[in-house]
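# Structural characterization, general
Here is how the chains run, residue by residue.
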Amino acid sequence: MSLIPDDVIEQVREAADLVGIIGEHVELKRSGSDYRGPCPFHGGTHRNFAVIPKKGMFYCFVCHEAGDVFTFFMKRLGMDYPTAVREVARRVGITIPERGPSGPDPHEPLYSAVAAAADWFARQLREGPEGDVARQYLGSRGLDLETVLPLGLGYAPTGRSFLDAMKSLGLRDEVLLEAGLLIKREDGTLAPSFRGRLLFPIHDPRARVVGFGGRLLGAGEPKYLNSSETPIFHKGRLLYNLHAAKHAMRKAERAILVEGYFDVLRLSLAGIEEVVAPLGTGLTSDQAQLVRRHASHVILLYDSDEAGLRATFRAADELLRERLRVSVATLPPGEDPDTLVQRRGAAGLEAILKDAVDVFERKLQILERKGFLGTLPGRRRALDRLLPTIRAAADPITQELYMSRAAEAAGVRKDVLEREVTNAGAGSGERYPSARSAGTVSTGENRSPLPAPALPASAEKTLLLLLLEGEPWKSKVIQAVDAEEFEFVPYREAFEAIADDAVLSLSETSARAYEELRAEGLGDRDPNALYERAVNFIEARRLERQLEQIDQRLPFETPEVQASLIAEKRRVFDELRKRYPRYKIAMRRRGAPGT
């Protein structure tokens, strides 16, 4: 039988959900930071059996059976050690590379190539003549070269010096291409993937360098560039600095999630080590699962501007789906974690982290500050913004608390809100499939998503065309409408991506819609007239949704409340008819979402 490498065993152990696996055999209940249940080994009936996630072990206080996840399978199911490791690996989706008779890891040449490149890039930053621009840049941000070099930072020069260096080390072009270190131009020539960039090495959970994030130091776009997807680098499944932060996360019993590489760098150098960041895109479910393996509490430390808040709440929903406790720390206006630590030090940041509030409370604070809770229509819109977070909360107690708090803040009955939450999508704009399925067709086994033949002509489309015109239309549209009001999912995703300057994160279907919109443009149409008509239509649709919500509530209310609702319905209907008389005509003529 071939041997399982020690580092793979450690990877499987870290990835295993100890509580979930043992919970399949024992009825566990939380007790502080641990879980308790009856011992499955001596057949006890009292809760003397403890599962301790922070230590990755179980222990019975009566029969003294103890061990890790592998030991549990061996003692409970009679497996030998290699079989137990393979069973846990199967459950967590890790492939065991067979060594010995079956040969080495097939990806070893890629790991070696990326490691060699990382060493060479670090040397260029330390002493290379072209690296002076990077050394000056770091100095301008208050970072000492000797401080950052141990963290593996590097510099990728312009020109062909990287190609020559890798060739001198005997690395073949096809390996460098597969590792994402080279790109092939349209004319067939090869060029380095990174040129003129300060590089941040990205590690996998086993602390191997698998890719890079590069910050451009001259003119051009994009400002930040990640390695392309490779067999060893998947940016949606990795977190920057996790390899170094995971032990600190367990010790501190929290993770601090920031947006950028420099934010991580600054906090780590200040002694706050439990900090990680996604790789330039929105947080993915895989990344949220990575966090859950090492901490039960996450503090989101994003910028406090509109784009930062949108990213904060999207990340929070992913984390809530993994049953994590999520708090939001609010930075002073104009500050980011990097600049704040520079000015106030670690103590200043810790004070802000200490004042972090639950993500749901933070949402309510913002809605109240904007005046949403002061009017009936505003409360309806506020609930539309709160419902996604309520639905995302996979922990039933957390969801119950969120519903109670929302019902109290909006002045609605909790049972009505519960029906809204249970009826996933009702009243929240979720009338259409997700972007993965909207407007797509299957092409056999590959199932490559293809866009619908034509994008629907609508007020939503008009607003996106205006958004693509740049300022001042971009600011006007963002202030007038919210992403939740876009019913056609590709339009909604495009709106969020344009507003956040994150179009590279679009799904394939939404990216194609975005490209078609860019190609179409406004032409010679009057933007002022288009804006007025489109915003009027969106405002009319808000009123129509109020009517729908009243109709949904009517059958369940007392006669007294029904009379009040009917009066409210008559008022809203009259306002819709007077202010937007052509709304229903347009709906009948076109019928498309957001017409």
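Residues numbered from 1 in each chain as written. Predicted model: local features only at pLDDT ≥ 70, side-chain atom pairs only at ≥ 80, totals over all residues. Heavy atoms only, no water.

Omega for the bond connecting glutamate 221 with proline 222 falls within 30 degrees of zero, at -10 degrees, which places this linkage in the cis form. For proline 222, the location among the structural elements is in the loop between strand E10 (209-216) and strand E11 (224-226). Following glutamate 471, the chain continues to proline 472 via a peptide bond in cis, the omega torsion being 0 degrees. Here proline 472 lies in the loop between helix H19 (459-467) and helix H20 (473-480). Unusually for a residue other than glycine, glutamate 253 sits at a positive phi of about 60 degrees. (Helix = DSSP H or I, 4+ residues; strand = E, 2+ residues; numbered from the N terminus.)

Here we take up the pairing of strand E9 (residues 197-203). For E9, the buried fraction is high: 7 of the 7 residues fall into the buried class. Both faces of E9 are covered, namely the face carrying Arg197, Leu199, Pro201 and His203 and the face carrying Leu198, Phe200 and Ile202. For strand E6 (residues 154-156) and E9, the ladder comprises 3 bridges, and the chain directions are antiparallel. In the sheet register, glycine 154 faces E9, and the bridge partner there is leucine 199. Relative to E10, E9 is paired through 7 bridges, and the arrangement is antiparallel. When the sheet's bridge partners are listed, leucine 198 is paired in E10 with arginine 215. What sits between E9 and E10 in their antiparallel hairpin is a turn of 5 residues, with alanine 207 showing a positive phi close to 70 degrees. (Buried < 20%, exposed > 50% of the residue type's maximum accessible area, 1.4 Å probe, protein only. Pairing = 2+ DSSP bridges.)

By the burial criterion, the buried members of helix H12 (residues 285-292) are Gln287, Ala288, Leu290 and Val291. All buried residues of H12 project into a common sector of 155 degrees when viewed along the axis, lining one side. Where the residues of H12 are buried, they touch helix H10 (242-252), strand E12 (255-257), strand E14 (297-300) and helix H13 (306-321). (Arc of directions from axis to C-beta. Contact = heavy atoms within 4.5 Å.)

Now for helix H18 (residues 414-422). By the burial criterion, the buried members of H18 are Val416, Leu417, Glu420 and Val421. Each buried residue of H18 lies within a common arc of 140 degrees when the element is viewed along its axis, so the set occupies one face. Residues of H18 that are buried in the fold lie against helix H16 (376-392), helix H17 (396-410) and helix H23 (527-553).

As a further point, take a positive patch on the surface. On the surface, Arg160, Lys167, Arg185 and Arg195 cluster together into a patch of positive charge. The residue arginine 195 is located in the loop between strand E8 (190-192) and E9 in this model. Exposure remark for arginine 195: the relative accessible area of 34% places this residue in the partly exposed category. (Patch = residues over 30% accessible without salt bridge, like charges linked within 9 Å, V, L, I, M, F, W, Y side chains within 5 Å. Areas by Shrake-Rupley, 256 points an atom, 1.4 Å probe, with all protein chains shown as cover. Salt bridge = Lys/Arg side-chain N within 4 Å of Asp/Glu carboxyl O. Lys, Arg positive; Asp, Glu negative; His and termini not counted. Charge placed at Lys NZ, Arg CZ, Asp CG, Glu CD.)

All right, on to the sheet that holds E12 then. Reading across from one edge, E13-E12-E14-E15-E16 is the order of the 5 strands in this open sheet, with mixed pairing throughout. Every interior strand has two partners, whereas the edge strands, strand E13 (275-276) and strand E16 (357-358), have only one.

It is worth spelling out the sheet that holds strand E3 (residues 49-52) at this point. What holds strands together in a sheet is hydrogen bonding between their backbones, with the strands either parallel or antiparallel. Strand order in the open sheet made by the 5 strands is E1-E2-E3-E4-E5, with antiparallel pairing throughout. Looking along the sheet, the strands with just one partner apiece sit at the ends: strand E1 (29-31) and strand E5 (66-67). Sheet topology places strand E2 (residues 34-37) next to E3; 3 bridges connect them, and they run antiparallel. Looking at E3, one finds that arginine 36 is bridged to alanine 50.

Looking now at the nonpolar core. Side chains that are nonpolar tend, in soluble globular proteins, to be buried together. Counting residues in hydrophobic clusters, the biggest one holds 64 residues, and the most contacted among them are Leu125, Leu138, Leu181, Leu198, Phe212, Leu267 and Leu301. Sorting elements by how many residues they give to this core places helix H5 (residues 108-127) first, with 10 residues. Sequence-distant contacts of leucine 125, that is, excluding residues within four places in its chain, are made with Ala134, Arg135, Leu138, Leu145, Leu149, Leu153, Gly154, Tyr155 and Leu198. (Core = buried A, V, L, I, M, F, W, Y, C linked by side-chain atoms within 4.5 Å.)

In this structure, the second largest pocket spans a volume of roughly 1500 Å³. The dominant element in the lining of the second largest pocket, judged by the number of residues it contributes, is H17, at 5 residues. When the residues that make up the lining of the second largest pocket are grouped by side-chain class, the tally is 17 nonpolar, 9 polar and 19 charged. (1 Å grid on protein atoms, 1.4 Å probe; cavity = no way out; pocket = protein on both sides within 12 Å on 5 of 7 lines; lining within 4 Å. Points joined across faces, edges and corners; volume = space filled by probe spheres on them. Nonpolar A, V, L, I, M, F, W, Y, C, P; charged D, E, K, R; others polar.)

Our focus in this paragraph is the packing of aromatic side chains. All told, the structure shown has 22 aromatic pairs when counted by the stated rule. A centroid spacing of 6.1 Å and a plane angle of 45 degrees characterise the contact between tyrosine 224 and tyrosine 261, whose relative ring orientation is tilted. Of this pair, tyrosine 224 sits in strand E11 while tyrosine 261 sits in helix H11 (residues 261-269), and the two are 37 residues apart along the sequence. We classify tyrosine 224 as partly exposed; its relative accessible area is 33%. The interplanar angle of 90 degrees and the centroid separation of 4.9 Å between the aromatic rings of tyrosine 240 and tyrosine 261 together place this pair among those described as edge-to-face. You can see tyrosine 240 sitting in the loop between E11 and H10 and its partner tyrosine 261 sitting in helix H11, a full 21 residues away along the chain. (Phe/Tyr/Trp six-rings, centres within 6.5 Å; stacked < 30°, edge-to-face > 60°.)

By the definition in use, this model includes 0 disulfides. A disulfide-free cysteine, cysteine 39 has its sulfur positioned 3.6 Å from the sulfur of cysteine 60, the nearest such atom. For cysteine 60, a relative accessible area of 0% translates into the label buried. (Disulfide = S-S within 2.5 Å.)

Side-chain alternation along strand E4 (residues 57-60) places Phe58 and Cys60 on a buried face and Met57 and Tyr59 on a face that remains uncovered. Bridging between E3 and E4 involves 4 bridges; their strand directions are antiparallel. The partner of valine 51 across the bridge, within E4, is phenylalanine 58. Where E3 folds back on E4, the antiparallel hairpin that results is connected by 4 residues, among which glycine 56 adopts a positive phi of roughly 65 degrees. Bridging between E4 and E5 involves 2 bridges; their strand directions are antiparallel. Pairing of phenylalanine 58 across the sheet is with glycine 67, part of E5. Connecting E4 to the antiparallel partner E5 that follows it, the hairpin turn spans 5 residues, and histidine 64 within it adopts a positive phi of roughly 65 degrees.

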